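Chain by chain, the residues:
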Amino acid sequence: MEKILMDLVNASIAVFKSGEGKLKTAVSDLEKLYEELKTKGSSDNSEQAQKLRDLLNKTVTDSKTAVNQANASYEDVLKKVQENYANLSTQIEAMVPAQVKDTIQKGLDELNKLVKKEQ
């Protein structure tokens, strides 16, 4: 699972380097993936499921905030993304069923395809 998350971090770095517009597109795609997962998981109202929802929402919000800050440096963006995905990795490994992990992997694969198209 760490490899998957590091692939996402690396994809985020490539997108950031290729321009702000492309980063906004990637954030939008991540938001769409989040919405799809939230819809699929909406029937699970357990405490663990809510923690995961909150963490994903924080990740998207932090990513959008970093993009919108004109003075945000590359290192600040990278640090925030790495911290959020490290937390997300721990949460996913602890409580997400294999079926949801497969859905996340598909989303990451799509993001990687977008990044490769843009390079």
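See the structure above.
The rules behind each value
- Residues numbered from 1 in each chain as written.
- Predicted model: local features only at pLDDT ≥ 70, side-chain atom pairs only at ≥ 80, totals over all residues.
- Heavy atoms only, no water.
- Helix = DSSP H or I, 4+ residues; strand = E, 2+ residues; numbered from the N terminus.
- Buried < 20%, exposed > 50% of the residue type's maximum accessible area, 1.4 Å probe, protein only.
- Contact = heavy atoms within 4.5 Å.
- Core = buried A, V, L, I, M, F, W, Y, C linked by side-chain atoms within 4.5 Å.
- Expected span 1.5 Å × (residues − 1).

Quick word on the overall build of the chain
- The helix and strand inventory of the chain stands at five helices and zero strands.
- Counted from the first residue to the last, the chain has its helices and strands arranged as α-α-α-α-α.
- In the chain, which comprises 119 residues, the share counted as buried stands at 34%.
- A separation threshold of at least 6 residues defines the contact pool for the chain, and within that pool the share at least 24 residues apart is 76%.

Digging into the nonpolar core
- Within the largest apolar cluster, 23 residues are counted, with the highest numbers of intra-cluster contacts made by Leu52, Tyr85 and Leu88.
- With sequence-adjacent residues up to four places away left out, Leu88 is seen in contact with Leu5, Leu52, Leu55 and Leu56.

Some thoughts on the environment of Thr39
- Note on placement: Thr39 falls in helix H2 (residues 20-41).
- By relative accessible area, Thr39 is classed as exposed at 57%.

Regarding helix H3 (residues 47-68)
- For H3, spanning 22 residues, the distance from its first C-alpha to its last is 31 Å, which sits close to the expected 32 Å at 1.5 Å a residue.
- Among the residues making up H3, those that are buried are Ala49, Leu52, Arg53, Leu55, Leu56, Thr59, Val60, Asp62, Ser63, Ala66 and Val67.

Description of the side chain of Thr59
- The residue Thr59 is located in helix H3 in this model.
- Relative accessible area serves as the criterion here: at 2%, Thr59 is assigned to the buried category.
- Not counting the four nearest positions on each side in its chain, Thr59 is found in contact with Asn84 and Tyr85.

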